[in-house]
Amino acid sequence: MKKVVVIGAGAAGLMAAYAAAKNGNDVTVYEKNEKSGKKIYITGKGRCNFTNDCDPNEFFDNVVKNAKFLTSAIYSLTPQKVIDFFENGGMATKVERGARAFPLSDKASDVTKCLENYCKKAGVKFIFNTKVLKINTLNGTMCGITTENEDIFCDCVVVCTGGLSYPSTGSTGDGYEFAKSVGHEIIEPKPALCGINLKGDYCKQLQGLSLKNVGVSVFLQNKLLRSFFGEMLFTHYGVSGPIILSVSSLICRQSLSSVKIILDLKPALTDEQLDKRILRDFEEYKNKSISNCLKELLPISLIPVILKRSLISVDKKVNAITREERVRLLTNIKNFDMLVASLRDFSEAIITSGGVEVKKINPKTMESKLVNGLYFCGEVLDVDAFTGGFNLQIAFATGFAAGNSIK
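Novice: Which residues make up the overall build of the protein chain, and what values go with them?
Specialist: Along the protein chain, the regular secondary structure elements total 13 helices and 21 strands. Counting only C-alpha atoms and orienting by the principal axes, one finds that the protein chain spans roughly 85 × 40 × 35 Å. The burial tally for the protein chain puts 55% of its 407 residues in the buried class. The long-range fraction of contacts in the protein chain, counting pairs at least 24 apart against all pairs at least 6 apart in sequence, stands at 72%. When the accessible area of the protein chain is evaluated, it comes to approximately 17,500 Å², of which 49% is carbon and sulfur surface.

Novice: Got a sec to walk through unusual backbone geometry? Specific residues and values, please.
Specialist: Even without being a glycine, Asp106 presents a positive backbone phi close to 65°. Mapped onto the secondary structure, Asp106 falls in the loop between β6 (100-103) and α5 (108-121). For Asp106, a relative accessible area of 28% corresponds to the partly exposed category. Residue Leu193 is not a glycine yet carries a positive backbone phi of 50°.

Novice: Lay out the pairing of strand β5 (residues 93-96) with the relevant residues and their values.
Specialist: Pairing between β5 and β6: 4 bridges, direction antiparallel. Within the sheet, the bridge partner assigned to Glu96 lies in β6 and is Arg100. In textbook terms, the turn of a hairpin is the stretch between consecutive antiparallel strands, and for β5 and β6 this stretch comprises 3 residues, one of which, Gly98, has a positive phi near 80°.

Novice: Just give me the short version of the nonpolar core, but keep the residues and values in it.
Specialist: In terms of nonpolar packing, the biggest core is built from 82 residues, with Phe50, Phe86, Val157, Val158, Leu381 and Phe396 touching the most fellow members. Residues within four places of Phe396 in sequence aside, it is in contact with Ala11, Met15, Phe50, Leu77, Val82, Phe86, Val111 and Leu115. Formed by 57 residues, the second largest nonpolar core is a distinct cluster that contains Val214, Leu220, Met232 and Ile333.

Novice: Quick rundown of helix α6 (residues 174-181)? Include the residues and the values.
Specialist: When we look at burial in α6, the residues that qualify are Asp174, Gly175, Tyr176, Phe178 and Ala179. Looking at the buried side of α6, the elements it contacts are β1 (3-7), β8 (132-138), β11 (156-159), β12 (186-192), β19 (351-356) and β20 (374-376). Where α6 terminates, the next one or two residues include Gly183, which has phi positive at roughly 100°.

Novice: Give me the lowdown on the packing of aromatic side chains, citing residues and values where you can.
Specialist: Applying the stated criterion across every chain, the model contains 12 aromatic pairs. Members of the aromatic cluster, each reached through a chain of ring pairs, are Tyr18, Phe50, Phe85, Phe86, Tyr118 and Phe396. Sitting above the plane of the Phe102 ring, Arg47 keeps its charged end 3.9 Å from the centroid. Over the aromatic face of Phe336 sits the side chain of Arg309, whose NZ or CZ is 3.8 Å from the ring centroid.

Novice: Lay out the packing of helix α4 (residues 79-88) against α5 in plain terms, naming residues and giving numbers.
Specialist: Packed helix pairs are specified by the crossing angle of their axes together with the interaxial distance, meaning the distance between the axes. α5 packs onto α4 with a crossing angle of 80° between their chain directions and a minimal axis gap of 10 Å. By the angle between their directions, the pair α4 and α5 is classed as roughly perpendicular. Of the residues in α5, those in contact with Phe85, Phe86 and Asn88 of α4 are Val111, Cys114, Leu115 and Tyr118. Classifying every residue of the contact of α4 with α5 gives 6 nonpolar, 1 polar and no charged.

Novice: Before we move on, could you go through the pattern of salt bridges and cite the residues and values that matter?
Specialist: Taken as a whole and judged by the stated rule, the model has 21 salt bridges. Glu96 serves as the salt-bridge partner of Arg47, at 2.5 Å between the closest nitrogen and oxygen. Taken together, the residues Arg47 in the loop between β2 (26-30) and β3 (51-52) and Glu96 in strand β5 connect sequence positions 49 residues apart. Judged by relative accessible area, Glu96 falls into the partly exposed class, the value being 26%. Several salt bridges share partner residues, and in doing so they unite Arg47, Lys94, Glu96 and Asp106 into one network.

Novice: Describe the environment of Leu225, and please don't skip the residues or the numbers.
Specialist: In this fold, Leu225 is placed in strand β15 (residues 223-234). In the structure, Leu225 is positioned 214 residues away from Ala11 in sequence and 31 Å away in space, judged by C-alpha atoms. Setting aside anything within four residues of it in sequence, one finds Leu225 in contact with Val218, Phe219, Leu220 and Leu250.

Novice: Break down the sheet that holds strand β14 (residues 210-220) for me, citing the residues and quoting the values.
Specialist: Pairing within the closed barrel is antiparallel, and its 6 strands lie in the order β13-β16-β15-β14-β17-β18. Each neighbouring strand pair of the sheet contributes to a mean axis angle of 45°, computed without reference to strand direction. Relative to β15, β14 runs antiparallel, the two sharing 9 bridges. Note that in β15 the partner of Ser210 across the bridge is Leu233. Across the sheet, helix α8 (residues 242-251) touches β13 (196-198), β14, β15, β16 (238-240), β17 (259-264) and β18 (336-343), and the angle it forms with β15 is around 145°.

Novice: Give me the lowdown on the side chain of Lys65, citing residues and values where you can.
Specialist: For Lys65, the location among the structural elements is in strand β4 (residues 63-65). The charged side chain of Lys65 is buried without a salt bridge, its nearest counter-charge being Asp384 at 4.5 Å. Other than its neighbours up to four places away in sequence, Lys65 contacts Ser249, Arg253, Ser353, Asp382, Val383 and Asp384.

Novice: Please set out the side chain of Ser171 residue by residue, giving values where relevant.
Specialist: Here Ser171 shows up in the loop between β11 and α6. Dropping the residues within four chain positions of it, Ser171 is found in contact with Thr161, Gly162, Gly163, Leu164, Ser165 and Tyr166.

Definitions and limits used
- Residues numbered from 1 in each chain as written.
- Predicted model: local features only at pLDDT ≥ 70, side-chain atom pairs only at ≥ 80, totals over all residues.
- Heavy atoms only, no water.
- Helix = DSSP H or I, 4+ residues; strand = E, 2+ residues; numbered from the N terminus.
- Buried < 20%, exposed > 50% of the residue type's maximum accessible area, 1.4 Å probe, protein only.
- Contact = heavy atoms within 4.5 Å.
- Areas by Shrake-Rupley, 256 points an atom, 1.4 Å probe, with all protein chains shown as cover.
- Pairing = 2+ DSSP bridges.
- Core = buried A, V, L, I, M, F, W, Y, C linked by side-chain atoms within 4.5 Å.
- Phe/Tyr/Trp six-rings, centres within 6.5 Å; stacked < 30°, edge-to-face > 60°.
- Lys NZ or Arg CZ within 6 Å of the ring centre and 35° of its normal.
- Axes fitted to C-alpha atoms, helices over the stretch in contact; angles between N-to-C directions.
- Parallel < 35°, antiparallel > 145°, perpendicular 65-115°, else oblique.
- Nonpolar A, V, L, I, M, F, W, Y, C, P; charged D, E, K, R; others polar.
- Salt bridge = Lys/Arg side-chain N within 4 Å of Asp/Glu carboxyl O.
- Lys, Arg positive; Asp, Glu negative; His and termini not counted.

Here's what the structure looks like:
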């Protein structure tokens, strides 16, 4: 039996603590907040999309950074096994659009309660309102931690302190300092799964406009990186919403001046089909102004923005629109370009991109290759994914890999 300290009572920490305790180890979780799972409570707007019920191969398609590193952990604890884990723990689940798994109750607190129950039944001890100040090693091996109150001896330390996103939940980068103190490299943390500030003042005109079933393509130096389809929202600063959050993770480490986002407002129509639709509307409303003609095709607030970009007066009669103007109109509907100014900051970012460099971490056990008995799990690692439950799955899988390897 080993004495194990887990730093952080979030998703990765609770899973790591349970996995280590079920192997017969003496496990204590240290958490600087007053309770477990503070970030879990706000995940998915309080509903907690805790995993994605997809095939592992599809899962890796949604990992942005270091998918190969996660191969062993995800195959050992697949999304289906995570769903079974919660079901067997007494939490009913459901799967919604996009294979997103939620508690049947729609209460994020049920995810935390289920994890806590597993931990308590396995004998895990919890110490709250206690900050770990440093980790202690001797000759390349873990020997303990130092808290605000005392030095504690232990055989293993599992660091599950999260990243820098939502610092109000306690994610303030402590794990990076622990890692650096023993020689690990930290990939510069960046806000990810966050809103995007855009250049230009048109966003103020579009503030509050929600778009469904639209396409977004991301280009870096005119090379297509990836396309997304779904929902987005215009805000006072730029854009947000599900597909935009994924875009932010894709570009957060790039030179933003080289990034271009192209919005396709009518992805279900080819250029030719859209042109025929516009011509039909033009014929029906030929004696009306162009702004009135487009009301069935576009949201009202978007019409003056599109027309301005197409160099067409909002008052111009449809029967006076030239072929060149119609082509420009079609182009702006199918290729509405958005230039990135910056990303929203960590206070609004759902996750952190960057963290402990994974080359010095054993991918099967999450153990440091520099210090025996030291493990890193979850968001503190340089791994991240798109929205849809993938990041919590990573937290559970890496936490389980670490805890389960301690015997």
